[in-house]
Amino acid sequence: MNEEWPLFEVFIRSRSGLEHKHVGSLHAADARMAVEHARDVYTRRQEGVSIWVVRSADIVASDPGEAEALFEPARDKVYRHPTFYVIPDEVKNL
Amino acid sequence: MSRAERHAAESERDLQSARCRYVLRLGDTALVLGQRLGEWVGHAPALEEDLGLANLALDLVGQARLLLTYAGELEGRGRDEDDLAFLRDAPEFMNLALAEQPNGDFAGTVVRQWLIDTWQLQLYRALAASTDTRLAAIAAKALKETLYHHRFSSGWLARLGDGTAESHERTQRALEELWRFTAEFFAPDEVDERVQAAGIAPALASLTAPWSLQVDADLAAATLRRPAVASYGWHGKRGVHTEHLGHLLATMQHLQRTYPGLRW
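The shown structure was predicted, so the numbers you read here are calculated from the model rather than taken from an experiment.

## What to know about the overall build of chain B
Counting secondary structure elements, chain B contains 10 helices and zero strands. Mapped from its N terminus to its C terminus, chain B presents α and β elements in the order α-α-α-α-α-α-α-α-α-α. Taken over C-alpha atoms, the radius of gyration comes to 19 Å for chain B, in line with the 18 Å a tight globule of 264 residues would show. Overall size of chain B, expressed as C-alpha extent along the three principal axes, is 70 × 45 × 30 Å. Counting contacts in chain B only where the partners sit at least 6 residues apart, residues at least 24 apart contribute 80% of the total. Carbon and sulfur atoms form 57% of the exposed surface of chain B, whose accessible area is close to 11,800 Å². Chain B carries 28 positive and 36 negative side-chain charges, and their two centres are separated by 4 Å.

And the structure:
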């Protein structure tokens, strides 16, 4: 039975103001059931205040075979990191 | 003590005894249904449903703990939640007969759950405004849980009822089988009338219309037929049970009966 249920990816927002984070996946017959399953499986210990689910099949992913073309070019461009600024001591939480 | 004072004292004692019995009924219904749902653990059709049913069961057992603790205090014989749960026999249990009905197939469990959810939804909503503040607080907490229970069970009711020909047929059959037990929801006896008069509980008749409305809406979404009203022969809340409760208690109480006072 489980094989017939499509796979959903689950995203949980742990607190208001924070972003939804991917926490895992589960099987469900439809979107409503997926939210209920996510609630029952992933928020039993007060892990979240909001749930997103999305059919895993609907996620478009980058191809690992293209990793070089996609990510290598950024490797020698360290100047894109904001590490060349001197941060004043007074500035916290940056 | 004058006759009037004696009369007032007797009336107060009656009310306390009715209040205790009423709370016991609510607690026992939650406990017995929670125990039934617990039987699914390890057997549900999918891992996710296993956890879902266990969560419902834990909510219900949590409600039962609060209610039985309160009932024990009202009774005033020093019995706590565990004494009441594990050391009473079937005729002393005051749960609705519907709660003790066996799980059957998954459709049977869903229909039983949904019928009790729709009833508890109306009841807890009303009890949240009880003059008994302790009961009102328990009902307010239970209402939040019940809203989710109903979301869960009505979702499954629609999925099964409006699913395949087989799932529809099984769900309709479970509905026909269990419907007769709903008469007990709304059949008041002297306990119900006593607590209603004191503002502790709502008039059961006042819950019928909103319950019926909810039931019809859910059934329509599930493409299921509302069964005809059938004659009713059980009064679980008066301790008159179907044969199923004894077996449930034998499992639930086994440890305490075999090793009295055992703790871990």
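Here the narrative resumes, following the displayed structure.
## Points about the confidence of the model for chain B
Put simply, chain B has an average pLDDT of 95, and 100% of its residues get 70 or more. Reported confidence for the predicted complex is 0.76 by ipTM and 0.89 by pTM.

## Re the packing of helix H5 (residues 106-127) of chain B against helix H6 (residues 133-161) of chain B
Any two packed helices are characterised by the angle at which their axes cross and by the distance between the axes. Residue and element names in this part refer to chain B. Relative orientation of the contacting elements H5 and H6 amounts to 145°, with a least axis distance of 7 Å. Where H5 crosses over H6, the handedness of that crossing is left-handed. Here the contact of H5 with H6 is built from residues that sort into 17 nonpolar, eight polar and two charged.

## Focus: helix H1 (residues 31-42) of chain A
Residues and elements named next belong to chain A. Between its terminal C-alpha atoms H1 stretches 16 Å, which fits the 16 Å expected from 12 residues at 1.5 Å a residue. Looking at H1, one finds that the buried residues are Met33, Ala34, Glu36, His37, Ala38 and Asp40. Capping of H1 at its N-terminal end is provided by Asp30; its side-chain oxygen lies 3.4 Å from the backbone amide nitrogen of Arg32.

## Regarding the packing of H6(B) against helix H7 (residues 165-178) of chain B
All names here are of chain B. Where H6 meets H7, the closest approach of the two axes is 7 Å, and the angle between their N-to-C directions is 125°. When the axis of H6 is compared with that of H7, the two are oblique. Along its contact with H6, which presents Leu157, Arg159, Leu160 and Gly161, the element H7 presents Ser167, His168 and Thr171.

## Structural notes on the nonpolar core
The biggest cluster of nonpolar side chains holds 87 residues, and the ones touching the most others in it are B:Tyr22, B:Leu127 and B:Leu135. Ignoring any residue separated from it by four or fewer positions in sequence, one finds B:Leu135 in contact with B:Tyr22, B:Val23, B:Leu26, B:Leu67, B:Tyr70, B:Leu127, B:Ser130 and B:Ile200.

Rules used in this analysis
- Residues numbered from 1 in each chain as written.
- Chains lettered and ligands numbered in written order.
- Predicted model: local features only at pLDDT ≥ 70, side-chain atom pairs only at ≥ 80, totals over all residues.
- Heavy atoms only, no water.
- Helix = DSSP H or I, 4+ residues; strand = E, 2+ residues; numbered from the N terminus.
- Rg over C-alpha atoms; globule rule 2.2 N^0.38 Å.
- Contact = heavy atoms within 4.5 Å.
- Areas by Shrake-Rupley, 256 points an atom, 1.4 Å probe, with all protein chains shown as cover.
- Lys, Arg positive; Asp, Glu negative; His and termini not counted.
- Charge placed at Lys NZ, Arg CZ, Asp CG, Glu CD.
- pLDDT = per-residue confidence, 0-100.
- Axes fitted to C-alpha atoms, helices over the stretch in contact; angles between N-to-C directions.
- Left-handed = near helix turned anticlockwise from the far one by under 90°.
- Nonpolar A, V, L, I, M, F, W, Y, C, P; charged D, E, K, R; others polar.
- Expected span 1.5 Å × (residues − 1).
- Buried < 20%, exposed > 50% of the residue type's maximum accessible area, 1.4 Å probe, protein only.
- Polar contact = N/O pair within 3.5 Å; in protein donor to acceptor, adjacent residues only side chain to side chain.
- Parallel < 35°, antiparallel > 145°, perpendicular 65-115°, else oblique.
- Core = buried A, V, L, I, M, F, W, Y, C linked by side-chain atoms within 4.5 Å.

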